[in-house]
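Understanding the architecture of this molecule
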Amino acid sequence: CSSDLTRTITQAQNPSTPWASLSKVQSSMSSLTAKDSVLFKAGDKFSGTLVVSYKTGLYFGSYGSGSNPLFYGTGSTVSSLIILRGTKSTVFENWNISDTTISFTDRYIVAKIRIAFTIEQSSTSNIVKNCKLDRIGYGFYLTVSSGSNTITGCDIGNLRIDRKSTRLNSSHRT
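Notes on the structure follow. (Residues numbered from 1 in each chain as written. Predicted model: local features only at pLDDT ≥ 70, side-chain atom pairs only at ≥ 80, totals over all residues. Heavy atoms only, no water.)

1. With respect to the overall build of the protein chain
A count of helices and strands for the protein chain gives one helix and 14 strands. Taking the intrachain contacts of the protein chain between residues at least 6 apart in sequence as the baseline, contacts between residues at least 24 apart amount to 65%. Accessible surface, the protein chain: about 9000 Å² in total, of which carbon and sulfur atoms supply 50%. (Helix = DSSP H or I, 4+ residues; strand = E, 2+ residues; numbered from the N terminus. Contact = heavy atoms within 4.5 Å. Areas by Shrake-Rupley, 256 points an atom, 1.4 Å probe, with all protein chains shown as cover.)

Written out as structure tokens, the structure is:
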């Protein structure tokens, strides 16, 4: 993914003719099958959100040299940037996720990206690795029904939590 929203899934398989946003990936999600890779150009910035529902064995990573691709949401408040729902054995690697609309130093502003990754509804064996998450509310939200997922090598910091939403009701405690 990098520069053009109008290209087909076949054209997007060529690094010289990639897509430009998560919305294009989302609209083509039904075409993706096990062992497919969705790669984002290193150093580029991407807007949007992504819901991966009931998929197995996908890989979301980067290509090229430079800094990890940056995912910055939509500019509006989003409850979760990436949602894995009933997903198995899917990998997210080498991503930067940050609400770039807020200052790195002002600690009093709540992030528009409330959660970077939500893993829910029996999602298992998914891996998030070598990602940098900053200026977001929470890094990860895993529901009780999700299990055996791995988060490794991630740099999570400079969180901007909405204190009003941090209350857990007793049914969510483990």
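2. Structural notes on the pattern of salt bridges
Opposite charge on two side chains permits pairing when their charged atoms draw close. Summed over the entire model, instances satisfying the criterion amount to three salt bridges. The partner of Glu93 in a salt bridge is Lys129, with the nearest N and O atoms 3.9 Å apart. One end of the pair, Glu93, is in strand β7 (residues 91-93); the other, Lys129, is in strand β10 (residues 127-129), and 36 residues separate them in sequence. A residue is classified by how much of its surface remains accessible, and Glu93, at 15% relative accessible area, is buried. The exposure class of Lys129 is partly exposed, given its relative accessible area of 27%. (Salt bridge = Lys/Arg side-chain N within 4 Å of Asp/Glu carboxyl O. Buried < 20%, exposed > 50% of the residue type's maximum accessible area, 1.4 Å probe, protein only.)

3. A word on the environment of Leu142
Structurally, Leu142 can be placed in strand β12 (residues 138-142). Remark: the alpha-carbon pair of Leu142 and Thr118, spanning 24 residues in sequence, is separated by 5.9 Å.

4. Some thoughts on the sheet that holds strand β3 (residues 50-53)
Read from one edge to the other, the open sheet built from four strands follows the order β3-β6-β9-β12, with strand pairing classed as parallel. Each edge of the sheet is formed by a strand with only one pairing partner; in this case those strands are β3 and β12. The average angle at which neighbouring strand axes cross in this sheet is 10°, direction not considered. (Pairing = 2+ DSSP bridges. Axes fitted to C-alpha atoms, helices over the stretch in contact; angles between N-to-C directions.)

5. Quick look at the sheet that holds strand β4 (residues 59-63)
Reading across the sheet, the five strands line up as β1-β4-β7-β10-β13 and stay open at both edges, with parallel pairing between neighbours. Strands with a single pairing partner mark the edges of an open sheet, and in this sheet they are β1 (37-41) and β13 (150-152). Mean inter-strand twist for the sheet, computed between neighbouring axes without regard to direction, equals 15°. Sheet topology places β1 next to β4; five bridges connect them, and they run parallel. Across the sheet, Val38 pairs through a bridge with Phe60, a residue of β4.

6. With respect to the nonpolar core
Among the nonpolar cores identified, the biggest contains 29 residues, and Phe40, Leu50, Phe60, Phe92, Trp95, Ile97 and Phe117 are the most heavily contacted of them. Looking at this core, the elements that each hand over two or more residues are α1 (22-27), β1, β3, β6 (82-85) and β9 (115-120). Counting residues per element, this core draws most heavily on β9, at three residues. (Core = buried A, V, L, I, M, F, W, Y, C linked by side-chain atoms within 4.5 Å.)

7. Notes on a nonpolar patch on the surface
On the surface, Leu142, Ile151, Ile156 and Leu159 cluster together into a nonpolar patch covering about 300 Å² of accessible area. Mapped onto the elements, Leu159 comes out in the segment after β14 (155-157). (Patch = residues over 30% accessible without salt bridge, like charges linked within 9 Å, V, L, I, M, F, W, Y side chains within 5 Å.)

8. A look at the packing of aromatic side chains
Counting across every chain of the model gives nine aromatic pairs. Seen from their ring centres, Phe92 and Trp95 are 5.1 Å apart, and the 85° between their planes marks the pair as edge-to-face. Connected via pairs of aromatic rings, a cluster forms that spans Phe40, Phe46, Phe60, Phe71, Phe92, Trp95, Phe117 and Phe140. (Phe/Tyr/Trp six-rings, centres within 6.5 Å; stacked < 30°, edge-to-face > 60°.)

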